[in-house]
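Chain and residue survey
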Amino acid sequence: MNAFDFAAPTTVEDAVKLLGVPDAEALSGGTDLLGRLKDYASSPKRVVYLKDVKALAGISGDATDGLTIGAGTRLADVLADKAVKESYPALWQATLEVGTPQIRNMATVGGNLLQRPRCWYYRAGNGLLAVKDGKSLVREGDNRYHAIFETDGDALFVNPSSLAVPLIALGAKAVVAGPRGERTIAVEDLYQIPKSGKDSELTLAPGEVVTKLVLPPAKGLNASYEARQKQAHDWPIVLASVNLNLDDHKVASSRIVVYGVAPIPWRSKAAEEALAGKLLNPESAAAAAAASIAAAKPLSMNAYKVGLTQTVVKRALMVAMGNRYWEG
């Protein structure tokens, strides 16, 4: 890897100042940035270590009034929190599936949210859009794990954050500190689809740091379900998180978000509309799952994700209902 300056601030204010220069990157758990440094996919001039900023870690609040999770909170601590497990099972289950116990003891919530795409063309140094000599390496190459939605442009990677999916489904907001002060945005607004190779898939400006995530009071039903190639340490191929509010057993409102299918965490408005006003049962779950894939435009090697997405969305809805029919 290339040489870089290293800084270890102890306050959010100092972290903001240190990150507010060109070519600076934050380091927390290190499970993403260190890999990119070794692959030369990233070559920052300054690395800012955030683990010593104690104000970034910790969980407070409860399910009744809402939960606040520091961006520097380790995933292992999220799993150990009783309120998360009992009232926000969509987040708890997605967190449980991340990596291994060793990784969860190092990785942080903010690091998971802000990690860079796992696209092998990007990691090999071909840029975020992986366009070479005017041609898309993804479109013409091995695209088994790439997007099936929003595929008309050159951004064909999939968003790598498995925790963004349940947090968006739960309606969480991110608090961001920066040179101009503090702002609060919806978690989905942390992401964008880049239009050119100069754009980022993240919306944070230089010097901005995500300090905490704020979850609203837990209401209704929420759940996550994922499909992966192996049960051992692996990333999901497709993960769905759902959050449902019921009125007299009918779906009054819902959020259905999918991982592994688009350059951003993919919120399926079509699936939500298919559920609106319907009794929550296996038939309505199947109809919503079918609607979730209506806009899919798979690439040459990933059409299998269309059917997989339909199954994962249906099963996430069934888990929310307490019906795991596939387990016999």
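Preceding block: the structure.
All values derive from a computational prediction rather than experimental measurement.

1. Quick notes on the overall build of the chain
Helix and strand content of the chain: 13 helices and 14 strands. Against the globule reference of 20 Å for 328 residues, the chain gives a C-alpha radius of gyration of 19 Å, in line with a compact fold. Projected onto its principal axes, the C-alpha coordinates of the chain cover approximately 55 × 50 × 35 Å. If you take every contact in the chain between residues at least 6 apart in sequence, the share linking residues at least 24 apart comes to 63%. By element, 51% of the accessible surface of the chain is carried by carbon and sulfur atoms, the whole surface being about 14,800 Å². Taking the average location of the 37 positive side-chain charges in the chain and that of its 34 negative ones, the two points are 2 Å from each other.

2. A look at the side chain of Ser162
Considering the arrangement of structural elements, one finds Ser162 in the loop between helix 9 (137–140) and helix 10 (164–169). Ignoring any residue separated from it by four or fewer positions in sequence, one finds Ser162 in contact with Ala94, Val98, Asn112, Leu239 and Tyr259.

3. Re the pairing of strand 10 (residues 209–215)
Most of strand 10 is tucked away: 5 of the 7 residues are buried. Examined bridge by bridge, strand 5 (residues 66–70) and strand 10 share 4 bridges and lie antiparallel to one another. The residue bridging Leu67 from the neighbouring strand is Leu215, located in strand 10.

4. What to know about the environment of Ala174
Tracing the sequence through the fold places Ala174 in strand 8 (residues 173–178). Separated by 64 residues in sequence, Ala174 and Gly110 have C-alpha atoms that sit 9.6 Å apart. The residues touching Ala174, leaving out its near neighbours within four places in the chain, are Arg183, Thr184, Ile185, Val187, Leu190, Val210, Lys212 and Leu213.

Thresholds applied
- Residues numbered from 1 in each chain as written.
- Predicted model: local features only at pLDDT ≥ 70, side-chain atom pairs only at ≥ 80, totals over all residues.
- Heavy atoms only, no water.
- Helix = DSSP H or I, 4+ residues; strand = E, 2+ residues; numbered from the N terminus.
- Rg over C-alpha atoms; globule rule 2.2 N^0.38 Å.
- Contact = heavy atoms within 4.5 Å.
- Areas by Shrake-Rupley, 256 points an atom, 1.4 Å probe, with all protein chains shown as cover.
- Lys, Arg positive; Asp, Glu negative; His and termini not counted.
- Charge placed at Lys NZ, Arg CZ, Asp CG, Glu CD.
- Buried < 20%, exposed > 50% of the residue type's maximum accessible area, 1.4 Å probe, protein only.
- Pairing = 2+ DSSP bridges.

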